[in-house]
Amino acid sequence: MPHKPSALMMFAAGLGTRMGKLTANCPKPLIKVGGVCLIDHALAQADTADIDRIVVNTHYHGSQIADHLLKRADIGLSDEQPDILDTGGGLRQALPMLRSDPVFTMNTDAVWTGDNPLRQLSAAWDPDKMDALLLLVPQDRARGHQGRGDFLRDGTGRLTRGPGLIYTGVQILRTDGLAAIPERAFSLNLLWDAMLVDERIFGIVHNGGWADVGHPGGIALAEDMLADPPRV
């Protein structure tokens, strides 16, 4: 297995229902934060992280995303029709295009400050003991997130579920376990559950700020964070 992942799966197929009227005729990845589409904020991180291949999945208003990325010949599109496949099913469908195990995965409804999130993960990845490495952020450096957190992290970086650190939507993930999941559409949480049992899911803490732009109020919060990044 390669030591470092060489491909990135970007999730852009969601319906964006929490955005209300903003996504009535526009997919969430094309909503702008600070004058820049969300998907372009994500691509800015990928473009400086030595990624060989990028695949973007599409579903809701997928033609708009395809048109937006038309000049990016280096990006493959994995269209999910007629049904959306969720993160796990979407990643499994895209594997022939990604041609990598492990892979990076990244949500496209967030923005970051601080060091490149993909580079941070790559530097910490250890395939001998890890099946997944998640990028996390503490509550005081998260904007727009609702909830008490997702994971607890011990002194070795190993994760368990529980209120505490927030998953930022960026990770390195081994994909071989996807083949054993019978459902066509499913969340990557199913794969994480197996990794948690085997104690092979780890996390590192992002050394910057992170904003969840999954709801309308997150736009202004993200713009405020970009204008005044949190000190680490």
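Along each chain, the written sequence defines residue order, and numbers are assigned to residues from 1. Local features in this predicted model are restricted to residues of pLDDT 70 or higher, and side-chain atom pairs are both shown and tallied only at a pLDDT of 80 or more, whereas totals for entire chains, interfaces and linings draw on every residue. Excluded from the side-chain calculations are hydrogens and water; all other atoms, namely the structure's heavy atoms, are used.

**Q** Pulling in residues and values, what's your account of the overall build of the chain?
**A** Along the chain, the regular secondary structure elements total six helices and 14 strands. What you see for the chain is a C-alpha radius of gyration of 17 Å, in line with the 17 Å of a compact globule of 232 residues. Expressed along its principal axes, the backbone C-alpha trace of the chain runs to roughly 45 × 40 × 30 Å. Throughout this description, buried means an accessible area under 20% of the type-specific maximum (1.4 Å probe, protein chains only), exposed means over 50%, and partly exposed covers the range between. Every one of the 232 residues in the chain was classed for burial, and the buried ones make up 53%. We get accessible surface area from the Shrake-Rupley algorithm with a probe of 1.4 Å; when it comes to residues, only the shown protein chains can shield them. Split by element, the accessible area of the chain, about 10300 Å² in all, is 51% carbon and sulfur. Labels follow the DSSP assignment, with helices taken as runs of H or I lasting at least four residues and strands as runs of E lasting at least two, numbered in each case from the N terminus. What the globule rule says is 2.2 Å times the number of residues to the power 0.38, and the radius of gyration is computed from C-alpha atoms.

**Q** Run through the sheet that holds strand β14 (residues 210-212), naming residues and quoting values.
**A** With respect to topology, three strands assemble into an open sheet ordered β7-β14-β9, the strand pairing being mixed. Every other strand in the sheet has two partners, leaving β7 (110-112) and β9 (142-143) as the edge strands with one partner each. Any two strands with at least two DSSP-identified bridges between them are counted as paired. Across two bridges, the pairing between β9 and β14 is parallel. Looking across to β14, one finds that A142 is bridged to W210.

**Q** Residues and numbers for the pattern of salt bridges, please.
**A** Each salt bridge in this description consists of a side-chain nitrogen of Lys or Arg and a carboxyl oxygen of Asp or Glu lying within 4 Å of one another. Taken as a whole and assessed by the stated rule, the structure comprises eight salt bridges. One salt bridge connects D109 with K28, and the closest N-O pair in it is separated by 3.1 Å. With D109 in the loop between β6 (103-107) and β7 and K28 in the loop between β1 (7-11) and β2 (32-33), this pair connects stretches of sequence that are 81 residues apart. Like D109, the residue K28 is buried in the burial classification. The partner of D74 in a salt bridge is R72, and the shortest N-O contact between them spans 2.8 Å. The partly exposed category is assigned to R72, whose relative accessible area is 23%. Within the structure, one salt-bridge network assembled from shared partners comprises D131, R174, D176 and R200.

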